[in-house]
Amino acid sequence: MSQSPHTLLINPTITSRTSARFPLALLHLSAALDRTGSSHIIDGNVDRDFISETLAAIERNRFTAVGVGVMGGPQVAPAIAVSKAIRERFPSTPIVWGSYFPTLHTNTALAAPYVDYAVRGQGEQTMSELVALLGGQAAPALADIGGLSWKNGGTVVHNPNRRIELPASDAVLPYDKLGDPRRYFARTYLGRRTVAHQSAMGCRFRCTFCGVAAMFGGATFLPPAQRLERDLKYLKHELGADSMQYFDHNFFDREEDMVPLLEVMARFELPWWCFARSDALLNLSESSWKLVRKSRLRMAFIGAESPNGQMLKEIRKGTRPDQTLQVAELCRRNGVIPELSFMVAPPENTEEETEHTFEFIRELKRINPQSEIIIYVYTPLPDYSRHEKDRAKRPMAPLLDLHGEPIVFPTTPEEWTEPRWVGYACHTDAPWLTDKLRRRIRDFETVLRCHFPTAQDIRSPPWAKRSLSAMAGWRYHHRKYDRPWELNLANRFVRLRMPQVSGL
Ligand code: B12
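The rules behind these values
Residues numbered from 1 in each chain as written. Predicted model: local features only at pLDDT ≥ 70, side-chain atom pairs only at ≥ 80, totals over all residues. Heavy atoms only, no water. UniProt positions renumbered as here; feature names shortened; annotations may be inferred. Pairing = 2+ DSSP bridges. Helix = DSSP H or I, 4+ residues; strand = E, 2+ residues; numbered from the N terminus. Axes fitted to C-alpha atoms, helices over the stretch in contact; angles between N-to-C directions. Salt bridge = Lys/Arg side-chain N within 4 Å of Asp/Glu carboxyl O. Buried < 20%, exposed > 50% of the residue type's maximum accessible area, 1.4 Å probe, protein only. Lys, Arg positive; Asp, Glu negative; His and termini not counted. Polar contact = N/O pair within 3.5 Å; in protein donor to acceptor, adjacent residues only side chain to side chain. Contact = heavy atoms within 4.5 Å. Phe/Tyr/Trp six-rings, centres within 6.5 Å; stacked < 30°, edge-to-face > 60°. Lys NZ or Arg CZ within 6 Å of the ring centre and 35° of its normal. Domains from an automatic or database assignment. Buried area = accessible area lost by both parts, 1.4 Å probe. Nonpolar A, V, L, I, M, F, W, Y, C, P; charged D, E, K, R; others polar. Near = heavy atom within 4 Å.

The name given to the chain in an unreviewed UniProt entry is B12-binding domain-containing radical SAM protein, and the organism recorded there is Dyella soli. You can read under Cofactor (unreviewed entry) in the UniProt record for the chain the words "[4Fe-4S] cluster".

Here it is as structure tokens:
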């Protein structure tokens, strides 16, 4: 029987209520699905009882399928919980997983009895074709839906990848599906009513460690300036947003293509944050910087990754350590805070590289004390996760644990919820770390963040930040990072914000 497809889209809880941002993935999917059917969104970041809400919604409506967005890390456990609950109560409802987890770990996702389909990469087109087929409408056959993986009896079939494209956008996203979209306003260092937005899709770089390269394979699409203007008009003038976080995978693409977008943003003057690269910022002309200043860029998250030029080459980062130092200075001159992220404790030369990175961070702080530093543990993607274009090119050296045993990645979603694997996915832990090094990294971070409290911490009182900074001063200056018990104690009362946990 043919029915107009009706899809339930779920964002399982991944963050606190106050850190919730627009669930942009589901809004994009919903806009696409509503062209030929209808859709309903449940956001577990806002609706904390999202499993009961899901079951009640399915009870009320007949959904053609349920789509669950799953990022690796802390979102896997709630995604399992909601999928299992649906399977138990409504066994015939098809369950589709989409987003980074099923894209990077497709076989693992489909090993679960409660996942019927995995959508790899961009979901709009793939999901629309799938629900049309499931609803009995005219649609390509299952084997012809690009970007879809599915189960054929006991085997998993991976249809070819789908080409990346800028999603069609005839209107602003269907924000009203979230109830009052103003519930998503966040009070941040950018403003009192900060909202998240994504204008361009993808990234032209193919860094081997990055999930975005694995998802987009080096493709990127910028929106026409009129589209950005329309969206900003809505967000600023209709909703009342006063600042923006641009989630574009790599905001500053080719300068000539960026200028029309920056011109629009300079007219709106909404303070903003984005992901950027040091080389792109260093190469911007003075006239573009003028637009950047006018548009009020406040902070740029820049992947510095390592002070080791050879390692940057190996991971195909395409930037150099001297560019990281230069960009810290350039940002200082332009009133932009560089938020520089590093990957410490790589699988080889683990301790040496980590200490080298600490010294490099000190140099950055000398150049620009306002630089924000994010420290992650380098946890490479499994070889099978890399984009098909990159997989065979540079086979990775096998990853070994502390005892020299090869690391075996989980084969079920449940295993990915074990703390050690959540730590791996969140870049906070790796099987080759000794307890000593783990503690050393934590201690360095404690001293660093107490001595240089993040500008993103708008909650802790200034006097508390000042006293912690003074307390941490001697440790920082004398490199006495080990066991900073007095800072940990003081921090229990102040609870300084840590950008890598509460940021993006
Ligand atoms: C917002 C965000 C978050 C939010 C939560 C988002 C949410 N689900 O509510 C928060 C801040 C909580 C978060 C946390 C983390 N994040 Co995050 N996050 C992002 C960010 C900046 C934007 C995501 C977004 O909205 N994109 C816009 C939409 C339109 O694109 P999209 O999500 O890719 O959606 C498309 C497809 O993926 C697919 N799709 C998505 N969902 C679904 C669902 C269905 C049913 C289907 C069919 C398809 C589908 O179709 C969509 C439309 O085309 C991305 C980077 C980026 N720019 O994408 C990182 C990113 C997704 N995060 C990432 C990571 C790793 C994390 C962490 C797990 C770890 C970390 N250290 O950052 C943490 C967890 C931290 C912790 N300790 O709790 C990585 C994922 C890569 C990977 N290796 O898995 C990214 C790519 C950043 C990066 N470059 O490394 N994150």
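(A) Highlighting the sheet that holds strand S1 (residues 6–11). Read across the sheet, seven strands follow the order S2-S1-S3-S4-S5-S6-S7 without closing on themselves; strand pairing throughout is mixed. The sheet is open, and its two edges are formed by strand S2 (38–43) and strand S7 (155–158), each paired on a single side. Sheet twist, expressed as the average angle between the axes of neighbouring strands with direction ignored, equals 20°. Looking at chain direction, strand S4 (residues 95–98) and strand S5 (residues 117–119) are connected through two bridges and run parallel. Each bridged residue has a counterpart across the sheet, and for Val-96 the counterpart in S5 is Tyr-117.

(B) Expanded view of the pattern of salt bridges. The full count for this structure, using the stated rule, is 26 salt bridges. Between Glu-53 and Arg-60 there is a salt bridge, with the nearest N and O atoms lying 3.6 Å from each other. Overall, Glu-53 belongs to the partly exposed group, its relative accessible area being 26%. A salt bridge links Glu-359 to Arg-479, with the nearest nitrogen and oxygen atoms 2.8 Å apart. Remark: Arg-479 occurs in the loop between helix H19 (462–477) and helix H20 (485–494) and Glu-359 occurs in helix H14 (residues 350–367); sequence separation between them is 120 residues. When salt bridges with common partners are traced through the structure, they connect Glu-329, Arg-332 and Arg-333 into a single cluster.

(C) Molecular detail of the side chain of Arg-362. Summarising the element assignment, Arg-362 is placed in helix H14. It is Glu-359 that comes nearest to the buried, bridge-free Arg-362 among opposite-charge side chains, at 4.4 Å. Only 2.8 Å separates the side chain of Arg-362 from the side chain of Tyr-481, close enough to count as a polar contact. Non-local contacts of Arg-362, meaning those with residues more than four positions away in its chain, are made with Tyr-476, His-477, Arg-479 and Tyr-481.

(D) Region of the structure containing the packing of aromatic side chains. Under the definition given, this model contains 26 aromatic pairs. A ring pair is formed by Phe-358 and Phe-444, whose centres lie 3.8 Å apart and whose planes are at 10°; its orientation type is stacked. With Phe-358 in helix H14 and Phe-444 in helix H18 (residues 435–451), the pair connects residues that are 86 residues apart, well separated along the chain. By relative accessible area, which is 0% here, Phe-444 ends up buried. Both rings, one in Phe-444 and one in Tyr-481, keep their centres 4.9 Å apart while their planes meet at 85°; by these two values the pair is edge-to-face. Of this pair, Phe-444 sits in helix H18 while Tyr-481 sits in the loop between H19 and H20, placing them 37 residues apart in sequence. Pairwise contacts between aromatic rings join Trp-97, Phe-101, Tyr-114, Tyr-384, Phe-409, Trp-416, Trp-421, Tyr-424 and Trp-432 into one cluster. The ring of Phe-205 carries the charged tip of Arg-277 above its face, separated from the ring centre by 3.5 Å. One cation-aromatic arrangement involves Lys-365 over Phe-452; the distance from NZ or CZ to the ring centre is 4.1 Å.

(E) Looking closely at the domain arrangement of the chain. Here the domain parsing of the chain yields domain 1 (6–158), domain 2 (185–397) and domain 3 (450–504). Distance between the C-alpha centres of domain 1 and domain 2: 29 Å. Between domain 1 and domain 2, the residue contacts involve 13 residues of the former and 21 residues of the latter. Regarding the contact of domain 1 and domain 2, the summed buried area is about 1,300 Å², with carbon and sulfur atoms giving 69% of it. Three residues, Arg-21, Tyr-100 and Leu-104, lead the burial of domain 1 against domain 2; their summed loss comes to 45% of the area buried on that side. Counting across the interface, domain 1 meets domain 2 through zero salt bridges. Applying the counting criterion to the domain 1 and domain 2 interface returns three residue pairs in polar contact (both at pLDDT 80 or more). For the side of domain 1 that touches domain 2, the element with the most residues is helix H4 (residues 100–104), which contributes three residues. Taken together, the residues of the side of domain 1 that touches domain 2 break down into four nonpolar, eight polar and one charged.

(F) Structural view of the site of the ligand. Around the ligand, the structure places 40 residues, and the nearest of them are Met-71, Gly-123, Glu-124, Met-215 and Phe-247. Gly-123 is positioned such that a nitrogen or oxygen atom in its backbone is 3.0 Å from an oxygen atom of the ligand. Between the ligand and Phe-247 there is a distance of 2.4 Å, counted from a nitrogen atom to a backbone nitrogen or oxygen. Mapped onto the shell around the ligand, the elements with two or more residues apiece are helix H1 (24–33), strand S3 (65–69), H4, helix H6 (124–134) and helix H7 (211–216). Broken down by element, the shell around the ligand gets its largest block of residues, four residues, from H1. Its residues assigned to classes, the shell around the ligand shows 21 nonpolar, 18 polar and one charged. For the shell around the ligand, the domains that each give at least three residues are domain 1 (6–158) and domain 2 (185–397).

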